[in-house]
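# Observations on chain architecture
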Amino acid sequence: MSLQCGIVGLPNVGKSTLFNCLSNAKAQSANFPFCTIEPNVGVITVPDERLIKLGELCKPERGVIPTTVEIVDIAGLVKGASKGEGLGNKFLANIRETDAIIHVLRCFDDENVVHVDGSVNPVRDKEIIDAELQLKDLETVEARIQKCEKAAKAGGDKNAKLQLEVLVKYREALSQGKNARTVELDNKDQEAAARDLFLLTNKPVMYVCNVDESAAVMGNAYVEQVREAVKDEDAQVLVLAAKIESEIAELETYEERQMFLEEIGLQESGVNRLIKAAYALLNLRTFLTAGSDEVRAWTFKAGAKAPQCAGVIHTDFERGFIRAEVIKYADFIELGGEAACRAAGKLATEGKDYVVQDGDIMHFLFNV
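Residues numbered from 1 in each chain as written. Predicted model: local features only at pLDDT ≥ 70, side-chain atom pairs only at ≥ 80, totals over all residues. Heavy atoms only, no water.

### A few points about the overall build of the protein
In terms of helices and strands, the protein carries 14 helices and 12 strands. Among the 368 residues that make up the protein, the fraction classed as buried is 48%. Long-range pairs, those at least 24 residues apart, make up 70% of the contacts in the protein with a sequence separation of at least 6. Total accessible area computed for the protein in this model is approximately 18,400 Å², and 48% of it derives from carbon and sulfur atoms. (Helix = DSSP H or I, 4+ residues; strand = E, 2+ residues; numbered from the N terminus. Buried < 20%, exposed > 50% of the residue type's maximum accessible area, 1.4 Å probe, protein only. Contact = heavy atoms within 4.5 Å. Areas by Shrake-Rupley, 256 points an atom, 1.4 Å probe, with all protein chains shown as cover.)

Okay, structure coming up:
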């Protein structure tokens, strides 16, 4: 599944440092704007503690295979990007190709790291990027309105009329400096029409507050300013210290990393929390397969039914789907495996309409 989260932000807020922590693909990180010009794509392993327990229980010959998510590090944006300033056109093209946005905000003071606007103000920085994306969306919406008006008048096109209703709602919001994701649509038809527009400010977003070590656990005044600024948005705020995360990433063993985290008062690294949050931001879930050969995590879109999930493993599984055997993860661990779950009546047989749940342990029966 090739859904992607794009890391965005102003230059020098810690995007590439964070990306380096997330991925083995080492993006250049330097103390000057635009050191990331081409988007760097990292295929990131999704941390899942359930796999560790299943591996211990099943002792698979081929080992444990986690699932992944793609993260893209995109060049820093500056004021005027919607008009082509800096690397604006490239930035906007790259962000349009992603499915969700990780918006990194600088929430630390450091006189040795220059700020493109001369001072640290994460709310202002957020508003600069919002404004540029809104201007680009408004340009898109205005152009589409002209086409839809012509189509609606000329042929009485019902789809054009429906899309025009949605476009007018978006134009009103964007003209007021609001993101498209804040617009409430009236029905499913309008929601379907909205998806076809691919607006930049309609993508799901998570704000990552990059802080210094002293604020890694509790945050700071900058973080509180961000939380206040986004309280009316449907968006998560995550706090991490990218510099500390880069030091953690250099430690070789799990035990060393855990000791480091405990010393600064964290139970889990910010990178792990970010990956999990990015996975959820993309509306992705995980089903599991577990046996003596391998334990594996598989990605599916929330709401998918059993045949679709079977197709994640192999298209033949979906084409010839007969039924699915499902064990809940908690039952599998508590009872000690598949055989015990069968004996206890904890294995359910499900058909084509079964909506797969996160953590389901699945076995698909098919015939092609």
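Back to the text.
### Some points on the pattern of salt bridges
Applying the stated criterion to the full structure yields 21 salt bridges. With its nearest N and O atoms 3.0 Å apart, the salt bridge here joins R50 to D358. In this pair, R50 sits in helix α2 (residues 49-58) while D358 sits in the loop between β11 (347-350) and β12 (361-366), placing the two residues 308 residues apart along the sequence. Judged by its relative accessible area of 19%, R50 is buried. On the basis of relative accessible area, D358 is assigned to the partly exposed category, the value being 40%. The partner of K305 in a salt bridge is D353, and the shortest N-O contact between them spans 3.8 Å. With K305 in the loop between β9 (295-301) and α11 (306-313) and D353 in the loop between β11 and β12, the pair connects residues that are 48 residues apart, well separated along the chain. Owing to a relative accessible area of 61%, D353 belongs among the exposed residues under this scheme. When salt bridges that share partners are traced, they join R62, D293, E294 and R296 into one network. (Salt bridge = Lys/Arg side-chain N within 4 Å of Asp/Glu carboxyl O.)

### Observations concerning the sheet that holds strand β5 (residues 100-106)
Strand order in the open sheet formed by six strands is β2-β4-β1-β5-β6-β7, and the pairing between neighbours is mixed. Only two strands of the sheet have a single neighbouring strand rather than two, namely β2 (40-45) and β7 (236-240). Mean inter-strand twist for the sheet, computed between neighbouring axes without regard to direction, equals 25 degrees. Of the strand pairs in this sheet, strand β1 (residues 4-8) and β5 are connected by four bridges, and their pairing is parallel. Counted as the bridge partner of C5 is A100 from β5. Running over the sheet, helix α7 (residues 221-229) touches β5, β6 (205-210) and β7 and is turned about 170 degrees from β7. (Pairing = 2+ DSSP bridges. Axes fitted to C-alpha atoms, helices over the stretch in contact; angles between N-to-C directions.)

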